[in-house]
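Okay, here's what each chain looks like letter by letter:
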Amino acid sequence: MFAQLNNLAEEARRLSPDEGERKRWAQAIFAYTEGYYEALADSPAYHDDPSPSRDIARTPIPEAGLPMEQILGQFRQQVEATGINPTSGKFMGYIPGGGLYPSALGDWLAAITNRYASVFFASPGAAAIENRLVQWAANLMGFPEKAGGFLASGASMATLSCIHTAREHQQITHKQVDRAVVYLSSETHHVITKCIHIAGMKAAILRQIPVDEAFRMDPQALQAQVEADKASGLIPFLLVGSLGTTNTGAVDPIPVLADIAATHGMWFHIDAAYGGFFALSELAREHFEGVDRAHSLVADPHKSLFLPYGTGLALVRDLNWMREAHAYMGDYMLDTLVHADQVSPADISPELTKHFRGLRMWFPLQLMGLAPFRAALSEKILLARYAYMQIARLPDAEMGPEPGLSVFVFRFCPQGVDPEAFNATMARDIQAQGQVFLSTTRLKGVFFLRVAILCFRTHREEVDLLIQTVRDHLLQQLEQVAPSH
Ligand SMILES: *Cc1c(COP(=O)(O)O)cnc(C)c1O
């Protein structure tokens, strides 16, 4: 038996590389990432061809390990060189963010030390880091001392917890679900509806409140709808306000929505997945009036705090609401009760064991301080205004609302062409070229090109390139539809 143990141990020891091997691997990764950064300014914002990724989908999982160089080579060709490049300053589609370098260092340390951030007993320090970050963010939103929350993998999971908490707090029984009403606008992110469904409330009534010309929820229409619903015996349950819609960056009239929610005893949730950390910019402070009156709020550090993907934030104005909706106990966790007075992320959220996410947020904030974040966010707001003004000057431009934050839409409507086909062709051509990336959307059914400026690497230069690219494509297409131009 000992001989067998020795043999197994010898093989198993390959799971613990020695110092030399660790250094070789780490240096290979370090060389790779340095090369990546060096090439980044000239890298495309989008690779139109997905075919290299087909090989990786068929790669065997080997019985014996492969050399690091081979694995990295495959990553470069089959992963890095496919799809969008969210680290590029020229990427202005969907909601950019970037991916801060110190977050990678935080992830590195988190994986190597593998601290158990979910339970205070298991890692008082890791839990304290998460709780401290949550408290800082709650403070930024103007929430009171008793507020709290947790770090999730993104806004979707954070929203799911908030909606579950709302349903428990409002005591919507499953017999009542089909009379419970959720108030959204036509611009609310689809994740709300998705989470309502996952939370077992598919039978709930969803009211899409109309928006004004700037795509903000119309509070009068909301008020009228809530009153009509109440009069017909329904239960106004949840009001969702957006602090920065995905389509246009519109900010709903938060203080008025807070009043209406309070008057009718509804839970007021704010989706600030995109807009949340603009609270750090003086230029956006006005949008945050009344935010402290929300019951819950979701923000995405992987958007307006520039972190790599995988970090969302859920906040509630009273941590007890979240605890009551999530706390469970198993006998195998009795040891942890000695610190029951401390907040354990596992007691207020769906996850038990989880990634030590706090460290990827902690490192950038501690290493670089808040000042560069404030500057970068204000810069994005001004860049969006600048790009909006420049594009508005192009021939036949039809602009959406002025950017309140850093997103705007536009299209071109030359005489005698089908605008949807004309603009869809332009978007597709710009994307296929790959130099800059913008995305598309529909507003009230109308097709638009859409620009979102939020990568911390986007500066005046990148925005000028965007404007130039749009201009070139426009002139070229105009030439084709009316060569006499
Ligand atoms: C991105 C976004 C979401 C979804 O967040 P994920 O982090 O992708 O899960 C929800 N709401 C808004 C307004 C968003 O911009």
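To keep things clear, this report deals only with the structure shown in the data block. (Residues numbered from 1 in each chain as written. Predicted model: local features only at pLDDT ≥ 70, side-chain atom pairs only at ≥ 80, totals over all residues. Heavy atoms only, no water.)

### Focus: the overall build of the protein
Phase 1: Scanning the protein from N- to C-terminus turns up 16 helices and 14 strands.
Phase 2: For a compact globule of 485 residues, the expected C-alpha radius of gyration is about 23 Å, and the protein comes in at 25 Å, within 12% of that figure.
Phase 3: The dimensions of the protein, computed from C-alpha atoms along their principal axes, are 85 × 60 × 40 Å.
Phase 4: Here the protein holds 485 residues, and 49% of them are scored as buried. (Helix = DSSP H or I, 4+ residues; strand = E, 2+ residues; numbered from the N terminus. Rg over C-alpha atoms; globule rule 2.2 N^0.38 Å. Buried < 20%, exposed > 50% of the residue type's maximum accessible area, 1.4 Å probe, protein only.)

### So, the site of the ligand
Phase 1: Neighbouring the ligand are 14 residues, the closest being Ser-156, Asp-271, Asp-300, His-302 and Lys-303.
Phase 2: One nitrogen or oxygen atom from the side chain of Asp-300 is found 2.5 Å from an oxygen atom belonging to the ligand.
Phase 3: Between the ligand and the protein, one listed contact pairs an oxygen atom with a side-chain N or O atom of Lys-303 at 2.9 Å.
Phase 4: When isolated, the ligand has an accessible area of 380 Å², and the protein chains bury 85% of it.
Phase 5: Secondary structure elements with two or more residues in the shell around the ligand: α7 (155-169) and α11 (301-304).
Phase 6: Here the shell around the ligand is composed, by residue class, of five nonpolar, six polar and three charged. (Near = heavy atom within 4 Å. Polar contact = N/O pair within 3.5 Å; in protein donor to acceptor, adjacent residues only side chain to side chain. Areas by Shrake-Rupley, 256 points an atom, 1.4 Å probe, with all protein chains shown as cover. Nonpolar A, V, L, I, M, F, W, Y, C, P; charged D, E, K, R; others polar.)

### With respect to the side chain of Ser-406
Phase 1: Tracing the backbone through its elements, the reader meets Ser-406 in the loop between β11 (397-399) and β12 (407-412).
Phase 2: Polar side-chain contacts of Ser-406 include one of 2.7 Å to the backbone oxygen of Ile-453.

### Quick word on the sheet that holds strand β10 (residues 312-316)
Phase 1: Taken together, seven strands build an open sheet; the order of strands is β4-β10-β9-β8-β7-β5-β6 and the sheet is mixed. What marks the edges here is a single partner per strand, and that holds for β4 (148-152) and β6 (205-209). The sheet shows a mean angle of 20° between the axes of neighbouring strands, taken without regard to direction.
Phase 2: Across five bridges, the pairing between β4 and β10 is antiparallel. Residue pairing for β10: Gly-149 is matched across the bridge by Leu-315. (Pairing = 2+ DSSP bridges. Axes fitted to C-alpha atoms, helices over the stretch in contact; angles between N-to-C directions.)

### Notes on the packing of helix α2 (residues 19-40) against helix α4 (residues 68-80)
Phase 1: Where α2 contacts α4, the axes come no closer than 10 Å and their chain directions differ by 30°. One way to sum up the angle between α2 and α4 is to call them roughly parallel. Relative to α4, α2 is oriented so that their crossing is right-handed. Contact with α2, carried on its side by Trp-25, Ala-28, Ile-29, Tyr-32 and Tyr-36, involves Met-68, Glu-69, Leu-72, Phe-75, Arg-76 and Glu-80 of α4 and no other residues of that element.
Phase 2: Of the residues assigned to the contact of α2 with α4, the class counts are eight nonpolar, no polar and three charged. (Parallel < 35°, antiparallel > 145°, perpendicular 65-115°, else oblique. Left-handed = near helix turned anticlockwise from the far one by under 90°. Contact = heavy atoms within 4.5 Å.)

### Let's talk about the packing of aromatic side chains
Phase 1: Under the defined criterion, the tally for this structure stands at 15 aromatic pairs.
Phase 2: One aromatic cluster is present, formed by Tyr-46, Phe-91, Tyr-94 and Phe-437 through successive ring pairs.
Phase 3: Arg-411 extends its terminal NZ or CZ atom over the ring of Phe-448, reaching a point 5.6 Å from the ring centre. (Phe/Tyr/Trp six-rings, centres within 6.5 Å; stacked < 30°, edge-to-face > 60°. Lys NZ or Arg CZ within 6 Å of the ring centre and 35° of its normal.)

### A few points about the pattern of salt bridges
Phase 1: Taken as a whole, this structure holds 16 salt bridges when the rule is applied.
Phase 2: With its nearest N and O atoms 3.2 Å apart, the salt bridge here joins Arg-411 to Glu-398. Of this pair, Arg-411 sits in strand β12 while Glu-398 sits in strand β11, placing them 13 residues apart in sequence.
Phase 3: Here Arg-411 falls in the buried class, since its relative accessible area comes to 14%. (Salt bridge = Lys/Arg side-chain N within 4 Å of Asp/Glu carboxyl O.)

### Points about the environment of Ala-147
Phase 1: The residue Ala-147 is located in the loop between α6 (124-140) and β4 in this model.
Phase 2: The class of Ala-147 is buried, set by a relative accessible area of 15%.
Phase 3: Discounting chain neighbours no more than four positions away, the residues touching Ala-147 are Ala-138, Val-316, Arg-317, Asp-318 and Leu-319.

### Side note on the sheet that holds strand β13 (residues 437-443)
Phase 1: Judged by pairing direction, the sheet is mixed, and its five strands sit side by side in the order β3-β13-β14-β12-β11 without closing on themselves. Two strands close off the open sheet at either side, each with one partner strand: β3 (91-92) and β11.
Phase 2: Relative to strand β14 (residues 446-452), β13 runs antiparallel, the two sharing five bridges. By the bridge assignment, Thr-440 is partnered in β14 with Leu-449.
Phase 3: Where helix α14 (residues 371-392) meets the sheet, its contacts fall on β11 and β12, and the angle it forms with β12 comes to roughly 10°.
Phase 4: Its contacts with the sheet place helix α15 (residues 419-433) against β12, β13 and β14, and it is angled at close to 155° to β13.

In short, geometric facts, not functional conclusions.
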